[in-house]
Amino acid sequence: MGLGIVEKVIKKHLLKGKMVSGEEITLKIDQTLTQDATGTMAYLQFEALGIPKIKTELSVSYVDHNTIQAGFENADDHRYLQSTASKYGAYFSRAGNGICHQVHLERFAEPDKTLLGSDSHTPTAGGMGMLAIGAGGLDVAVAMGTCEYTLRYPRIIRINLEGKLNPWINAKDIILAILKMFGTKGNVGTIIEYGGSGLETLNVPQRATITNMGAELGITTSVFPSDQLTRKFLLSQNRGDQWKELKADSDAKYEKVINIDLSEIEPMLACPHSPGNIATVREFVGKRVDQVIIGSCTNSSYKDLKIAAHIVKGHKIPQNVSFVVSPGSRQVLKMITDDGSLSTLIDAGARIAECACGFCIGNSHAPATDAVSVRTSNRNFKGRCGTQSASVFLSGPETAAACALSGVITDPRDLKELAFPSFDLPKKFHVDDTMIIHPAPEGKKTKVYKGPNIGEPPKNKPLSENINAKIAIKVGDEITTDHIMPAGSRLKYRSNIKKYSQFVFEGIEPSFPKQCKDNKSDGYSNIIVAGLSYGQGSSREHAAICPMYLGVKAVIAKSIERIHRTNLINFGILPLIFMKTDDYQHLNVGDIVKIQDIEKTITKNAKLVLKNKTKNVDIELKYDLTEKEKQLIVAGGLLNHIKRKDK
Ligand code: MIC
Ligand code: SF4
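The residue count restarts for each chain, going from 1 along the sequence in the order it is written. Labels follow written order: the first chain is A, the first ligand is 1, and so on. Local features are withheld for residues below a pLDDT of 70 in this predicted model, meaning they are given only at 70 or higher, and side-chain atom pairs are given and counted only at 80 or more; totals for whole chains, interfaces and linings count all residues. Water and hydrogen atoms were dropped before computing side-chain values, which therefore reflect all heavy atoms in the structure.

**Some details on the overall build of the chain**
Strands are runs of DSSP state E lasting at least two residues, helices are runs of H or I lasting at least four, and both sets are numbered from the N terminus onward. When you go through the chain residue by residue, the secondary structure sums to 21 helices and 27 strands. Radius of gyration: over C-alpha atoms. The globule rule applied is 2.2 Å multiplied by the number of residues raised to the 0.38 power. Taking 2.2 N^0.38 as the reference for a compact globule, 647 residues should give roughly 26 Å; the C-alpha atoms of the chain span a radius of gyration of 24 Å, in line with that estimate. If you line up the chain on its principal axes, its C-alpha atoms span 70 × 55 × 55 Å. In this scheme, a residue with accessible area under 20% of its type's maximum is buried, one over 50% is exposed, and one in between is partly exposed, where area comes from a 1.4 Å probe on protein chains only. The proportion of buried residues among the 647 residues of the chain is 62%. When the accessible surface of the chain is totalled, it reaches about 23,600 Å², and 49% of it is carbon and sulfur. The charge count treats Lys and Arg as positive and Asp and Glu as negative. His and the chain ends do not count. In this description, the location of a charge corresponds to atom NZ of lysine, CZ of arginine, CG of aspartate or CD of glutamate. For the chain, the distance from the average position of its 82 positive side-chain charges to the average position of its 69 negative side-chain charges is 5 Å. We get accessible surface area from the Shrake-Rupley algorithm with a probe of 1.4 Å; when it comes to residues, only the shown protein chains can shield them.

Have a look at this one:
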């Protein structure tokens, strides 16, 4: 039987395990990426592992998230990252060079290779035919030191894209349509493989817009074949020698095959407050818009910005609309500068933001109270933009630019007097790697710089046999890592766990850290109770480290998302699932609960029962841990486990 592209890449990189859905497998990792918000912790952990050099073929340390320097903290972190990259053997992409996923696609991604990144949108590189997976910083640190990553073998779904997009429709509209089909819940452990005749009409940046938002589906990753268009893109980036064909065998089998006719896709929106809350633009036409932002790792490529410039050319943005453009990389910025698009955007009244995450993570351009913002980014969770009362809609750049032009939600197909521009990607992109610093040559001594904001990664104790705890918080469905560990203005404390942990659940229950502390002084550990899809969104391992620091020993939920579940295990927190979802109602804040004989129970795969002593009820819990995960939990996390093995 033939193989699909995902199977081919996995087979080539398989170090341990069987290629059977649900089985634990270990893959050889060729490349890693980190970004500054997760990277400082990842490199602190890499240092704690005591491995002298990075062993992967290529590792890149990007600075793109915390580029606002309103205080010494971020600048110090950048220096720390630059010095560790140099010392341990990573490339360093400086602040201002661009968003990690955009730059990686332009300069480093390669077909038929594996990439592990400490950012949930790492799968963007799947647009290049890479098996690119997002993970917590600690997993990436371990992969830098060992070239290994362990996960469960996925279920593989094939989506055939047939036909051709109509004018004014963006690749973003395709992925929003897919989000409408799949939703953001229940897709854990899935990989999507794309195929179909429509691929001939989708260039690499368009494919990358689609793979980027696979993160919002909650899947492990998604992958496109590597074909002549991939080759063309690599050639245009002076990297033609890195092209390799990757295509599925005609008799490859998939768990499910879905066909999408591209000509039926229309302009789409993700409505407040979830990327899974999908509607057509038509349904909202005429709604007031206060802010429009084009940028982020989803839609800030050269063509995206050139089209936006074409739409606003010769017009002025209405006075009540703030229009922001944030190019994805310095390459994009330089090219829109050289071809005049930047000047067009400025003439129209655009505010030009740095080539960075910026607005997307809520550390700038927070909208006004009750404002409506249309953005080309990938997440619109409540409050993520920095303003709790704002409503954020996600769209493609054509729709966003049309909205900026008219001050109301507008279907770009209604821009009647404007012809749809037909420009192809250039044969040569502007290639200048000045802002990518190479690691220090072999043998050269490099000193690691550590500013006062950088604390030691916290240590955890091995699991105790019994957990005697109080329920410290009870939350509902779809709690994202943004809810657990807010980003925005709090982001600069990422390297300082003691300080950052004061903000756990800040937007939901600001007294949570104090509650945990009080419970601890009364002799209890803490437990978090949650609904469906707990830990959606980012790969932010701080959403596990900071609760661990506050004495959280278990999360009991109706379901937990993949990256967050792994992060919990990596930091020694038990991820537990209600056997009967109805039992959710039997746990409330302040209840005193006990889980006994944990190690014995999980080693024997026996029934794990929580006793709610306050309500006098027993609740059965599922743990579904692999053998390796059990060892991590028992050791009190991955770092402890590795240290134990080394002894
Ligand atoms: C995000 O988009 O939420 C982030 C910020 O890029 C995160 C990483 C982080 O928390 O630093 C992600 O997507 O993993
Ligand atoms: Fe940066 Fe936003 Fe992309 Fe996250 S989603 S990597 S914050 S641009």
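Now, onward.
**Some points on the layout of surface pockets**
A cavity here means a set of 1 Å grid points, computed over protein atoms only, where a 1.4 Å probe fits but cannot escape. A pocket is an open set with protein on both sides within 12 Å along at least 5 of 7 lines, and lining residues have an atom within 4 Å of a point. Grid points are joined across faces, edges and corners, and a volume is the space filled by probe spheres set on the points. Computed from the structure, the largest pocket encloses a volume of approximately 1,200 Å³. T150, L151, R565, T566 and E629 are the residues nearest the centre of the largest pocket, which is lined by 50 residues in total. Taken together, the elements giving at least two residues each to the lining of the largest pocket come down to strand 2 (24-28), helix 5 (137-146), strand 8 (148-152), helix 18 (562-570), strand 24 (574-578), helix 20 (627-635) and helix 21 (638-646). All amino acids are sorted into three groups, where Ala, Val, Leu, Ile, Met, Phe, Trp, Tyr, Cys and Pro are nonpolar, Asp, Glu, Lys and Arg are charged, and the leftover types, Gly among them, are polar. For the lining of the largest pocket, the per-class residue count stands at 18 nonpolar, 15 polar and 17 charged. Roughly 780 Å³ of internal volume is contained in the second largest pocket. Taken together, 33 residues form the lining of the second largest pocket, with T201, N203, Q206, K303 and D424 sitting closest to its centre. It is helix 9 (residues 228-236) that contributes the most residues to the lining of the second largest pocket, five residues altogether. Split into classes, the residues belonging to the lining of the second largest pocket amount to 17 nonpolar, eight polar and eight charged.

**Here we look at the packing of helix 11 (residues 330-338) against helix 12 (residues 341-348)**
Comment: axis = line fitted to C-alpha atoms, over the contacting stretch for helices; angle = value between 0 and 180 degrees taken between N-to-C directions. Taken N-terminus to C-terminus, the directions of helix 11 and helix 12 make an angle of 80 degrees; their axes are 4 Å apart at the nearest point. Our classification of the angle between helix 11 and helix 12 gives roughly perpendicular. Contacts from L333, I336 and T337 of helix 11 reach helix 12 at S341, L342 and L345. Considered class by class, the residues forming the contact of helix 11 with helix 12 number four nonpolar, two polar and no charged. We call two directions roughly parallel when the angle between them is under 35 degrees, roughly antiparallel when it is over 145, roughly perpendicular when it lies between 65 and 115, and oblique otherwise. Here a residue-residue contact requires only that any non-hydrogen atoms of the pair lie within 4.5 Å.

**Regarding the nonpolar core**
Among buried residues, those of type Ala, Val, Leu, Ile, Met, Phe, Trp, Tyr and Cys that are joined through side-chain atoms within 4.5 Å constitute a nonpolar core. Of all hydrophobic cores here, the largest spans 110 residues; its most connected members are F505, F512, I527 and Y534. If we ignore the near neighbours within four places in the chain, the residues touching F505 are I473, V475, I479, H483, I484, P510, F512, I528 and Y534. Of all hydrophobic cores here, the second largest spans 57 residues; its members include C271, A279, I294 and A400.

**Things to note about the site of ligand 1**
Neighbouring residues are identified by heavy atoms, a residue being near a molecule or strand if any of them is within 4 Å of it. In the vicinity of ligand 1 there are 14 residues, among which H65, D119, S120, S539 and R540 approach most closely. Within the side chain of Q35, one N or O atom sits 3.0 Å away from an oxygen atom of ligand 1. When the free accessible area of ligand 1 is taken as 340 Å², the share hidden by the protein chains comes to 97%. Classifying every residue of the shell around ligand 1 gives two nonpolar, seven polar and five charged. Here a polar contact means two N or O atoms within 3.5 Å. Within protein one must be a hydrogen donor candidate and the other an acceptor candidate, and residues neighboring in sequence count only if both atoms are side-chain atoms.

**Quick notes on the side chain of T34**
Inspection of the secondary structure assignment puts T34 in strand 3 (residues 31-35). Excluding residues within four positions of it along the chain, T34 makes contact with G39, A42, Y43, V60, S61, Y62, S118 and V140.

**Observations concerning the state of the cysteines**
The disulfide criterion is simple: two cysteine sulfur atoms within 2.5 Å. All chains considered together, the criterion is met by zero disulfides. We note that C271 lacks a disulfide partner, and the nearest cysteine sulfur, in C403, lies 12 Å from it. A relative accessible area of 6% means that C271 is categorised as buried.

**With respect to the sheet that holds strand 4 (residues 58-62)**
Backbone hydrogen bonds hold the strands of a sheet together, and the pairing may be parallel or antiparallel. Strand pairing is assigned whenever DSSP detects at least two bridges linking the two strands. Across the sheet, six strands lie side by side as 7-6-3-4-5-20; this open sheet has mixed pairing. A single partner strand is all that each edge strand has here, and the edge strands are strand 7 (131-134) and strand 20 (436-437). Here strand 3 runs beside strand 6 (residues 114-117); their pairing, made up of three bridges, is parallel. Within the sheet, the bridge partner assigned to Q31 lies in strand 6 and is L115. Together, strand 3, strand 4 and strand 6 form the strand contacts of helix 5, whose direction differs from that of strand 3 by roughly 140 degrees.

**Some details on the pattern of salt bridges**
The term salt bridge refers to a side-chain nitrogen of Lys or Arg lying within 4 Å of a carboxyl oxygen of Asp or Glu. Considering all chains together, one arrives at 34 salt bridges under this definition. In this structure, E629 and R152 form a salt bridge, with 3.9 Å as the shortest nitrogen-oxygen distance. Placement of E629 in helix 20 and of R152 in strand 8 is noted, with a sequence separation of 477 residues between them. We classify E629 as buried; its relative accessible area is 13%.

**Some points on the side chain of R107**
Assignment of secondary structure puts R107 in helix 4 (residues 100-107). Given a relative accessible area of 13%, R107 falls into the buried group. Polar contacts involving the side chain of R107 include one to the main-chain carbonyl oxygen of Q237, which spans 2.9 Å. Filtering out sequence-adjacent residues up to four positions away, R107 remains in contact with Q237, R239, V431, D433 and I436.

**Here's the deal with the sheet that holds strand 11 (residues 221-223)**
With respect to topology, four strands assemble into an open sheet ordered 11-10-9-12, the strand pairing being parallel. The open sheet has two free edges, formed respectively by strand 11 and strand 12 (256-261), since each of these has just one partner strand. Here the average twist between neighbouring strands, direction ignored, is 25 degrees. Two strands pair when backbone bridges link them, and strand 10 (residues 190-195) and strand 11 are joined in this way by three bridges, in the parallel orientation.

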